[in-house]
Amino acid sequence: MKTLIISLLSLISFASCHSEPSDTLSLKEAYGDKFLIGVAMNQRQSSGLDRVGAETVSRNFNSIVAENCMKSEKIHPMENLYHFEPADSFVAFGEANGMAVIGHCLIWHSQCPKWFFVDSEGKRVSADELKRRMRDHITTVVSRYKGRVHGWDVVNEAILEDGTYRRSPFYEILGEEFIPLAFQYAHEADPDAELYYNDYNMHLPAKREAVVRLVNSLKERGLRIDAVGMQGHMGMDYPSMDAFERSMLAFASAGVKVMITEWDMSALPTVSRSANISDIQGYKRALDPYPDGLPDSVSDVWNQRMKAFFELFLRHSDIVSRVTVWGVSDGDSWKNDFPIHGRTDYPLLFDRHHEPKPFVIDLCDHKRDDK
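> Quick question: what am I supposed to make of the overall build of the protein here?
Across its full length, the protein carries 14 helices and eight strands. In summary, the protein has a C-alpha radius of gyration of 21 Å against a globular reference of 21 Å for 371 residues, a match within 12%. In the protein, which comprises 371 residues, the proportion classed as buried is 54%. Partitioning the contacts of the protein with sequence separation of at least 6, the portion at a separation of at least 24 is 78%. Element-wise, carbon and sulfur atoms account for 50% of the exposed surface of the protein, whose accessible area totals about 16200 Å². Looking at the protein, you have 42 positive and 54 negative side-chain charges, and the mean spots of the two groups are 3 Å apart.

As structure tokens, this is what we get:
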């Protein structure tokens, strides 16, 4: 079965490489020498069911990350049950297309099955039992893909915006120790794999400082940490480029690489849940103002801002090792249903027809002209 999947995906890769004019550079052809150009894949794409999405990935990207299939609730839904088939097809796709495969993620409080933290009577497990379960989960998953996965998001979103630790079950049972334990277990399972800490809102000063302290603490213990993943969930009015750049430089100064992960930029107005909107329909209209398409005036601003951030990443390519977008096309993005179901957004590099956005074309044309 695995051989069949790899053969199929190899054909997909071959077809996609010949689907566009030879003088049109893809993202990976244009900038793959600067850093890895990555994308999150969903299960339909990595299994080959979404052929157009798979072709877009194989043509434009040289790195992939699992959007959901490697999260603990998916891959380890019950204590003695692992569900590896979707993750297997994801890794096989990356191998068939010569990509750096990124595992996401080993320890995360969200999308973690409830059994992880309770015993047979529904009571919180002891610290020793949680350590055992963490070790079993990390060792089993990482060992299965040893030598095949380039790097792992070991711990995801453990620090709050004010720099304190999130009061997750991991923290409540083990305290701060759960993070170094996770890095230890992952390294023991595959000593050659890169290991990352990944989080959002990393441009905020208190969070930035807390992550720098975490990196230094792990290094002082002699534990491996190769990079900090700065989730790039952005809006038209946040974050400021200056604040984002300061965090990039701070993490690099701590002795790790910087990865731009989960990059997307909402093209819609930022509306708080606490906004003073008198009726539900008004609230929905404020959140979903462009259900039938993005106005040119808004699209122009979005493209300019995305291009400016990509150029920031290029300026710091000496410290940036990967830039990964969180989804293939606009239709795939989680932003479409956040914070209300059915919301229509335009946050990714390729539109709903899998055509590249203007800023992507501009960047690739500029690079082609240089060559």
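> Just checking my understanding: could you explain unusual backbone geometry for this structure?
Residues apart from glycine generally show negative phi values, whereas peptide bonds are mostly found in trans. H104 connects to C105 through a cis peptide bond whose omega is -10°. Positionally, C105 belongs in strand β3 (residues 100–108). With an omega of -10°, the peptide bond running from Y238 to P239 counts as cis. Within the secondary structure, P239 is located in the loop between β6 (227–234) and α11 (241–253).

> What exactly am I supposed to notice about the nonpolar core here?
The nonpolar side chains of a soluble globular protein tend to be buried with one another. The biggest cluster of nonpolar side chains holds 103 residues, and the ones touching the most others in it are M70, M134, W152, W263 and F313. Within the second largest apolar cluster, seven residues are counted, among which are V65, Y196, A227 and W326.

> How do you make sense of the packing of α11 against helix α13 (residues 296–315) when you look at a structure like this?
Axes are the key here: two packed helices are described by the angle between their axes and the distance separating the axes. Packing of α11 against α13 leaves a shortest axis separation of 11 Å and a crossing angle of 25°. Considering their axes alone, α11 and α13 lie roughly parallel with respect to each other. Taken as a pair, α11 and α13 cross one another with a handedness that is right-handed. Between α11 and α13, the contacting residues are M241, F244, E245 and M248 on the first element and A308, F309, L312 and F313 on the second.

> Whenever I open this one, the confidence of the model for the protein confuses me. Can you help?
Parts of the prediction with low pLDDT should not have their coordinates interpreted in detail. Overall, the prediction assigns the protein a mean pLDDT of 92, with 91% of residues at 70 or greater. Under a pLDDT of 50 for its full length, residues 1–22 has, in the predicted model, 24 contacts with residues more than four places off or in other chains.

> What should I look at first to understand the pairing of strand β1 (residues 36–41) in this one?
For a regular strand, side chains alternate in direction, first toward one face of the sheet and then toward the other. Within β1, six of the six residues are buried, which leaves it mostly tucked inside the rest of the structure. Side-chain alternation along β1 places L36, G38 and A40 on one buried face and I37, V39 and M41 on a second face that is also buried. Pairing of β1 with strand β8 (residues 320–325), which is carried by four bridges, proceeds in the parallel orientation. Within β8, the position partnered with I37 by the bridge is V323. For β1 and strand β2 (residues 63–66), the ladder comprises four bridges, and the chain directions are parallel. Pairing of V39 across the sheet is with I64, part of β2.

Conventions we followed
Residues numbered from 1 in each chain as written. Predicted model: local features only at pLDDT ≥ 70, side-chain atom pairs only at ≥ 80, totals over all residues. Heavy atoms only, no water. Helix = DSSP H or I, 4+ residues; strand = E, 2+ residues; numbered from the N terminus. Rg over C-alpha atoms; globule rule 2.2 N^0.38 Å. Buried < 20%, exposed > 50% of the residue type's maximum accessible area, 1.4 Å probe, protein only. Contact = heavy atoms within 4.5 Å. Areas by Shrake-Rupley, 256 points an atom, 1.4 Å probe, with all protein chains shown as cover. Lys, Arg positive; Asp, Glu negative; His and termini not counted. Charge placed at Lys NZ, Arg CZ, Asp CG, Glu CD. Core = buried A, V, L, I, M, F, W, Y, C linked by side-chain atoms within 4.5 Å. Axes fitted to C-alpha atoms, helices over the stretch in contact; angles between N-to-C directions. Parallel < 35°, antiparallel > 145°, perpendicular 65-115°, else oblique. Left-handed = near helix turned anticlockwise from the far one by under 90°. pLDDT = per-residue confidence, 0-100. Pairing = 2+ DSSP bridges.

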